[in-house]
Amino acid sequence: MVNEIPQGTNGVRTAMRTPRDSSTNDGNDDIEMQHLLDQQGNHTGGKVALVKAGAKKPEGFFQRHMTSLDERLNVKMLMRVWKPRLEFVVRLMLVATFLDDSLHTAISFSEHTNQVGKDGCLNRFATTSPELVAILSTVALGIGLVAQSLGSFCLLALLQPDCATKALIGWTIAQPVLYGQLSNAEFVAESLSLVGGLLTLRAHLVPEQATHVTSARVQLLGRLLLPAMHLHYAGRFLFSALALDETTSLAAYVSSLSMFVVRAVALVALAIGSAFVAAGLRSRLVASLLALVNVGCVFRQHPFFRFVRFENGKWEYDEDMAMPRVALPTDISPDDFYLRQVYDLHRYYFFLGLSTSGALLLLAQFGPGKIAVHKDEVLLPVAARAQD
């Protein structure tokens, strides 16, 4: 029952509901009030709800420190300024061995031609056709010199990356054959890792590769070749760990056992890291760690800058230099090498290791590609979110 009250002077008609009518509409009033509260929450309290929902997710040690760093620094501005410079440094690391080798070949060209002709793949013809061997070795090294120097400068300047990467990949494959180093497992493994880095860079710099469907396959092939060097070192750790010398001395036994544990741990770490890189599982983070470890090993094993000094107007070489691993003919022993030749080998392996580290950093820079377990992996989540 509704009792109407006459209209007032303002022309507004009012009505009074009976208690029964009020009770029957309590549910509708509650629904309307809840709707208003929801709308108000959407306009004013949405951020609070999101913060509460996000606060339930636990943050790790790395995430907390990156969040703190992201709050203090403008990550977007830092990435905008430093990203081109870091990309140039990574490319410089990748081509470091080509720049060094081309410079050394140009300085000692005749010595390299003799090495290719007498100790390389042409040694079987050295006695029967020495003139032909000299011509072929000269032409091959000349092509390699041009390919390394021009290819490196083109990649640094981002000019003609298609031709540059093809030239450097071709020389990287041909070099072990020319110098007769196919039996040198370390050299071949590092060359394969270097080819993997060049393929990774080619997939992103060459326009035809970057937009074509084969880009993912090129990245996959490059990612599979990258851990070749670490698989080689894992195999070396395996053989050295299994080769325990028998001894009656307790101190020698404890020392041998500790080395066995260290080599076993290194073996497991390298095997797992190589598998992660090949499968594209957290490959950017693992590649970054492997690159840092590789740089440390290179500075420890081949510090060529410590093996030379300038005294009395000439360069003096350290007599305690260890002979690097190299494949030698049967009639040549490591004792036949001059100190300068041993120094040149250390310098070459130093820059080769630096280039393989750059190849790993390319994977950390560009990502594993579309054919990977984690194809959308983000190396620094906080930094990536700050760029949006």
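Here the structure is a predicted model, which is why all the values come from computation and not from measurement.

A.B. asks: Help me understand the layout of surface pockets in this model?
C.D. replies: Empty space left among the atoms is revealed by rolling a probe the size of a water molecule over them. In this structure, the second largest pocket encloses a volume near 940 Å³. Gln115, Tyr179, Gln181, Phe337 and Leu345 are the residues nearest the centre of the second largest pocket, which is lined by 36 residues in total. Sorting the residues of the lining of the second largest pocket by element identifies helix H6 (96–107), helix H7 (109–119), helix H9 (161–178) and helix H16 (339–366) as the ones contributing at least two each. When grouped by side-chain class, the residues that make up the lining of the second largest pocket number 16 nonpolar, eleven polar and nine charged.

A.B. asks: What am I meant to see in empty space enclosed by the protein here?
C.D. replies: Counting across every chain of the model gives one cavity of 30 Å³ or more. Volume-wise, the largest cavity comes out at about 40 Å³. Across the lining of the largest cavity, the residue classes break down as five nonpolar, five polar and one charged.

A.B. asks: Where do I start with the packing of aromatic side chains in this structure?
C.D. replies: Two aromatic rings, taken as a pair, are described by how far apart their centres are and by the angle between their planes. This model, assessed by the stated rule, comprises twelve aromatic pairs. Residues Phe299 and Phe305 carry aromatic rings whose centres are separated by 6.0 Å and whose planes lie at 55° to one another, so their mutual orientation is tilted. The exposure class assigned to Phe305 is partly exposed, which follows from its relative accessible area of 42%. Centre to centre, the rings of Phe299 and Phe350 are 5.1 Å apart; their planes meet at 85°, and the pair counts as edge-to-face. With Phe299 in helix H15 (residues 283–301) and Phe350 in helix H16, this pair connects stretches of sequence that are 51 residues apart.

A.B. asks: Please explain the confidence of the model for the protein chain as it appears in this structure.
C.D. replies: Of all residues in the protein chain, 71% attain a pLDDT of 70 or more, and the chain-wide mean is 78. Under a pLDDT of 50 for its full length, residues 1–25 has, in the predicted model, 13 contacts with residues more than four places off or in other chains. In this model, residues 382–388 is a region of pLDDT below 50 whose contacts with residues beyond four sequence positions or in other chains number twelve contacts.

A.B. asks: Any chance you could explain the packing of H15 against H16 here in plain terms?
C.D. replies: The geometry of a pair of packed helices is captured by two quantities: the angle between their axes and the separation between those axes. Two elements in contact, H15 and H16, have axes whose closest approach is 8 Å; the angle formed by their N-to-C orientations is 170°. Between H15 and H16, the angle falls in the class roughly antiparallel. Here H15 and H16 pass one another in a crossing that is left-handed. Between H15 and H16, the residues in contact are Ser283, Arg284, Ala287, Ser288, Leu290, Ala291, Asn294, Val295, Val298, Phe299 and Gln301 and His346, Phe350, Gly353, Leu354, Thr356, Ser357, Leu360, Leu361, Leu363, Ala364 and Gln365, respectively. Across the contact of H15 with H16, the residue classes tally to twelve nonpolar, nine polar and one charged.

A.B. asks: Whenever I open this one, the pairing of strand E3 (residues 308–311) confuses me. Can you help?
C.D. replies: Along any regular strand the residues' side chains alternate between the sheet's two faces. Pairing between E3 and strand E4 (residues 314–317): four bridges, direction antiparallel. Residue pairing in the sheet places Arg309 in a bridge with Glu316 of E4. The hairpin turn running from E3 into E4, its antiparallel successor, is two residues long, and Asn312 in that turn takes a positive phi close to 55°.

A.B. asks: What is the right way to look at the side chain of His232 in this model?
C.D. replies: Structurally, His232 can be placed in helix H13 (residues 228–242). For His232, a relative accessible area of 17% puts it in the buried group. Those residues in contact with His232 that lie beyond four places of it in its chain are Ala185, Glu186 and Ala189.

A.B. asks: Any chance you could explain unusual backbone geometry here in plain terms?
C.D. replies: Residues apart from glycine generally show negative phi values, whereas peptide bonds are mostly found in trans. Despite not being glycine, Arg282 has its phi angle at roughly 50°, a positive value. On the accessibility criterion, Arg282 (36% relative accessible area) is partly exposed.

Rules behind the numbers
- Residues numbered from 1 in each chain as written.
- Predicted model: local features only at pLDDT ≥ 70, side-chain atom pairs only at ≥ 80, totals over all residues.
- Heavy atoms only, no water.
- 1 Å grid on protein atoms, 1.4 Å probe; cavity = no way out; pocket = protein on both sides within 12 Å on 5 of 7 lines; lining within 4 Å.
- Points joined across faces, edges and corners; volume = space filled by probe spheres on them.
- Helix = DSSP H or I, 4+ residues; strand = E, 2+ residues; numbered from the N terminus.
- Nonpolar A, V, L, I, M, F, W, Y, C, P; charged D, E, K, R; others polar.
- Phe/Tyr/Trp six-rings, centres within 6.5 Å; stacked < 30°, edge-to-face > 60°.
- Buried < 20%, exposed > 50% of the residue type's maximum accessible area, 1.4 Å probe, protein only.
- pLDDT = per-residue confidence, 0-100.
- Contact = heavy atoms within 4.5 Å.
- Axes fitted to C-alpha atoms, helices over the stretch in contact; angles between N-to-C directions.
- Parallel < 35°, antiparallel > 145°, perpendicular 65-115°, else oblique.
- Left-handed = near helix turned anticlockwise from the far one by under 90°.
- Pairing = 2+ DSSP bridges.

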